[in-house]
Amino acid sequence: MFKPIAWLLSLAPLAYLVYTLYQDAGANPIETITNFTGIWTLRFIVVTLAVSPLRWITGINQLVNYRRLVGLFAFFYGVLHFMTFFYFDHQFDIAGMFADVRLRPYITAGFVAFVLMIPLAITSMAGWIRRMGGRNWNLLHRLVYITALAAVLFRTTSAVSVWRSIRPATTPPSWRVITCSWKSAPTTALGSTMFSSK
């Protein structure tokens, strides 16, 4: 019933970014896009992981119906973030990109988070649960915790000046949500898997 609203809310950050760039691209629009998409990737990851604790606390089981959608939007914004970095920073130069990943720890953390999201997004549909078996699928989707930790590490160690201006309170709740989500995972049939709607 509320899926269209969830779609609109999830696309709102992108609409805001496009509107902002249209109104005033600023001195460095690429940096703006990179920072914006990176921040919203992390926010969607945190919101996705918050579903299980909120479901457990409030008893509103319908919340789980939106977890896959929000998780896929986390991947969507992650793709935008990565492609901005890959194209504008490296002009699709794979060797240069991997050199950057190897030499800059915060980019290493961000790259790990993005790569781990790929199998989670690919196997997000219910058909993959049948193909892999519930146990194997669930084990694979526990990668979300490593993804979240890598994303938070990327956020906290990033040298981008715009990220430093974000409220210091942003990161600690992220860690708390990850921890709380992990603790509440055994209470659900498939755990707090990021792309699960079960």
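It should be emphasised that the depicted structure is a prediction, and the values quoted were computed from it without experimental measurement.

## Let's talk about the overall build of the protein chain
Along the protein chain, the regular secondary structure elements total 10 helices and 0 strands. Of the regular secondary structure in the protein chain, the N- to C-terminal order runs α-α-α-α-α-α-α-α-α-α. When the 198 residues of the protein chain are sorted by exposure, 44% land in the buried category. Of the contacts made within the protein chain by residues no fewer than 6 positions apart, 70% connect residues no fewer than 24 positions apart. In the structure as shown, the protein chain presents an accessible area of about 10,700 Å², 69% of it carried by carbon and sulfur atoms.

## A few points about the packing of helix α4 (residues 94–103) against helix α5 (residues 105–122)
Contact pair α4 / α5: the axes reach a minimum separation of 5 Å and the direction vectors enclose 110 degrees. On the basis of their axis angle, the class for α4 and α5 is roughly perpendicular. Contacts between α4 and α5 pair M97, F98, D100, V101, R102 and L103 from the former with P105, I107, T108 and F111 from the latter. Within the contact of α4 with α5, the residues separate by chemical class into 7 nonpolar, 1 polar and 2 charged.

## Quick word on the nonpolar core
Considering soluble globular proteins, one finds that nonpolar side chains tend to be buried as a cluster. Counting 33 residues, the largest nonpolar core has F44, I45, L49, F82 and M97 as the members making the most contacts within it. Elements with a minimum of two residues in this core: α2 (29–58), α3 (67–89), α4, α5 and α8 (143–157).

## Examining the confidence of the model for the protein chain
Looking at the protein chain as a whole, the pLDDT averages 79, with 79% of positions reaching at least 70. Taken as a whole, residues 159–172 scores under 50 in pLDDT and shows 21 contacts with residues more than four places along the chain or in a different chain. Confidence over residues 186–192 falls short of pLDDT 50; this stretch has 21 contacts with residues more than four positions distant or in other chains.

## With respect to the environment of Y66
Mapped onto the elements of the fold, Y66 is located in the loop between α2 and α3. Counting along the chain gives 60 residues from Y66 to A6, while the straight-line C-alpha distance between them is 7.7 Å. Among residues more than four places away in sequence, those in contact with Y66 are F2, K3 and A6.

## Observations concerning the pattern of salt bridges
For the structure on display, the rule yields 1 salt bridge. R104 is the partner of D100 in a salt bridge, and the nearest nitrogen-oxygen pair spans 3.0 Å. What makes D100 buried here is its relative accessible area of 12%. Overall, the relative accessible area of 33% leaves R104 in the partly exposed class.

## Examining a nonpolar patch on the surface
A cluster of nonpolar side chains, M83, Y87, F88 and F92, forms an exposed patch at the surface whose accessible area comes to about 380 Å². Residue position: Y87 is located in helix α3.

## A word on the side chain of T123
One can find T123 in the loop between α5 and α6 (126–132). Overall, T123 belongs to the buried group, its relative accessible area being 6%. Not counting residues up to four positions away in its chain, the partners in contact with T123 are W128, M132, W137, L140 and H141.

## Details of the packing of α5 against α8
Close contact between α5 and α8 brings their axes to 8 Å; oriented N to C, the two are set at 150 degrees. When the interaxial angle is binned, α5 and α8 end up roughly antiparallel. The interaxial crossing formed by α5 with α8 has left-handed handedness. Only L143, V144, I146, T147, A150, A151, L153, F154 and T157 of α8 make contact with α5, whose side of the interface consists of Y106, I107, A109, G110, V112, A113, L116, M117, P119 and L120. Residue classes in the contact of α5 with α8 are distributed as 16 nonpolar, 3 polar and no charged.

What counts, and where the lines are drawn
Residues numbered from 1 in each chain as written. Predicted model: local features only at pLDDT ≥ 70, side-chain atom pairs only at ≥ 80, totals over all residues. Heavy atoms only, no water. Helix = DSSP H or I, 4+ residues; strand = E, 2+ residues; numbered from the N terminus. Buried < 20%, exposed > 50% of the residue type's maximum accessible area, 1.4 Å probe, protein only. Contact = heavy atoms within 4.5 Å. Areas by Shrake-Rupley, 256 points an atom, 1.4 Å probe, with all protein chains shown as cover. Axes fitted to C-alpha atoms, helices over the stretch in contact; angles between N-to-C directions. Parallel < 35°, antiparallel > 145°, perpendicular 65-115°, else oblique. Nonpolar A, V, L, I, M, F, W, Y, C, P; charged D, E, K, R; others polar. Core = buried A, V, L, I, M, F, W, Y, C linked by side-chain atoms within 4.5 Å. pLDDT = per-residue confidence, 0-100. Salt bridge = Lys/Arg side-chain N within 4 Å of Asp/Glu carboxyl O. Patch = residues over 30% accessible without salt bridge, like charges linked within 9 Å, V, L, I, M, F, W, Y side chains within 5 Å. Left-handed = near helix turned anticlockwise from the far one by under 90°.

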